[in-house]
Amino acid sequence: MYIYIVEKNNFLLKENLANFSELEFVNEIPNSNYYFVYDTDGLSFIKDSTHPKEALNLDFLTGAVDWRMKRASHEGNIKKALGKSDKQLLIFDSTAGLLTDTLIFLSLGHKVVAVEQSKILYSLVKDAVSRAEKKIPELKNLILINDNSINAYKSISKDFDAIYIDPMFPISKKYIKKSGKIESIKKILELENLKEDSQPLIEIFLDTNYKKIIFKRPLKQRNIYSNINYQVFGKTTRFDIFL
Ligand SMILES: C[S@@+](CC[C@H](N)C(=O)[O-])C[C@H]1O[C@@H](n2cnc3c(N)ncnc32)[C@H](O)[C@@H]1O
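Residues numbered from 1 in each chain as written. Predicted model: local features only at pLDDT ≥ 70, side-chain atom pairs only at ≥ 80, totals over all residues. Heavy atoms only, no water.

Regarding the site of the ligand
Taken together, 22 residues form the shell around the ligand, and within it Leu98, Asp101, Glu116, Ser149 and Asp166 come nearest. One of the backbone nitrogen or oxygen atoms of Thr100 is found 3.3 Å away from an oxygen atom of the ligand. Side-chain polar atom of Asp166 to a nitrogen atom of the ligand: 2.8 Å apart, as the coordinates give it. For the ligand, whose unbound accessible area comes to 600 Å², protein coverage reaches 93%. Put simply, the parts of the chain that give the shell around the ligand at least two residues each are helix 4 (100-107), strand 7 (111-116) and helix 8 (180-191). (Near = heavy atom within 4 Å. Polar contact = N/O pair within 3.5 Å; in protein donor to acceptor, adjacent residues only side chain to side chain. Areas by Shrake-Rupley, 256 points an atom, 1.4 Å probe, with all protein chains shown as cover. Helix = DSSP H or I, 4+ residues; strand = E, 2+ residues; numbered from the N terminus.)

Spelled out as structure tokens, the structure:
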């Protein structure tokens with residue numbers, strides 16, 4: 001994997017990219033269809049060199065994520081899914097992705113272990129966390145892991161209050177095109193040859209000794225699992241809760 005270095009002040013970069021075995025740091029645009037760029041905005045990923053402006057860069061300090069974190073107390077559906085409790089919960093986010101949902105859990109005062117299988121997504125998230133941690137103190141309650149979440153869950157063996165599962169939805173090509181971030185995640189998973197788990201994550205976690213599973217689904221998808229205890233409905237998605 002190439003990393004085009006624009007910003008020379010990059011002492012944290014190597015640490016955030018630790019999970020790549022082959023890395024080539026270059027000082028000009030590499031001759032590759034996809035590559036990382038490191039500049040004053042931190043780490044970005046170019047998934048298609050013919051569209052370098054569509055780079056994926058995460059910033060938790062501005063924009064929609066920052067707005068949602070500051071208004072986390074208004075996240076009624078996530079709060080209902082977590083349930084009423086005054087205590088700080090320990091949540092296992094099995095599908096960290098771009099970390100948005102985990103950032104809401106953290107903003108609500110909880111602790112999170114978040115696991116992402118993609119090395120590219122993990123590196124982008126790790127870099128964004130490094131840039132944000134001085135301004136978002138809740139990030140001290142986050143452990144971020146780059147692994148398959150089943151492996152990570154088995155090796156941690158902590159007593160989690162909730163397991164959160166937000167798999168990629170089977171969504172239309174039209175929707176993917178409209179949602180740039182989902183399109184980027186899809187493309188990145190293809191580049192890394194990360195196929196869907198042979199057995200859905202939900203089924204594997206339903207077989208564990210869980211306290212609560214929160215399973216995010218498209219609103220209208222039919223129930224496949226009969227032992228749902230309650231559901232929380234949003235505008236386009238819902239949470240199926242297993243106790
Ligand atoms: C829809 S995205 C999750 C979005 C995330 N909730 C957010 O707020 O940004 C699904 C993510 O789960 C990851 N994933 C799927 N199966 C996984 C597994 N078995 N272990 C770790 N990560 C997994 C995918 O790589 C993808 O990044």
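Points about the packing of aromatic side chains
One pass over the full model with this rule turns up twelve aromatic pairs. Arranged with centres 5.9 Å apart and planes meeting at 55°, the rings of Phe92 and Phe205 form a pair that is tilted. Placement of the pair is Phe92 in strand 6 (residues 90-93) and Phe205 in helix 9 (residues 201-206), with a sequence separation of 113 residues. Comparing Phe92 with Phe205 shows no difference in burial state: the two are buried. Between Phe215 and Tyr225 the ring centres are 6.4 Å apart and the planes differ by 65°, which places this aromatic pair in the edge-to-face class. Pair noted here: Phe215 is in strand 10 (residues 213-218) and Tyr225 is in the loop between strand 10 and strand 11 (230-233), with a separation of ten residues, a long-range link. Overall, the relative accessible area of 5% leaves Phe215 in the buried class. Among the aromatic side chains, those forming a connected cluster through ring pairs are Phe20, Tyr34, Phe36 and Phe45. (Phe/Tyr/Trp six-rings, centres within 6.5 Å; stacked < 30°, edge-to-face > 60°. Buried < 20%, exposed > 50% of the residue type's maximum accessible area, 1.4 Å probe, protein only.)

Details of empty space enclosed by the protein
Under the criterion given, the structure shown has one cavity of 30 Å³ or more. Its boundaries defined by the atoms lining it, the largest cavity holds a volume of some 40 Å³. Forming the boundary of the largest cavity are Phe215, Arg217, Gln221, Arg222, Asn223, Ile224, Tyr225, Ile228, Arg238, Asp240 and Phe242. Counting only elements with at least two residues in the lining of the largest cavity, the list comes to strand 10 and strand 12 (237-242). In terms of residue count, strand 12 provides more of the lining of the largest cavity than any other element does, three residues in total. Taken together, the residues that form the lining of the largest cavity break down as five nonpolar, two polar and four charged. (1 Å grid on protein atoms, 1.4 Å probe; cavity = no way out; pocket = protein on both sides within 12 Å on 5 of 7 lines; lining within 4 Å. Points joined across faces, edges and corners; volume = space filled by probe spheres on them. Nonpolar A, V, L, I, M, F, W, Y, C, P; charged D, E, K, R; others polar.)

Geometric descriptors of this kind do not, in isolation, establish any biological role.
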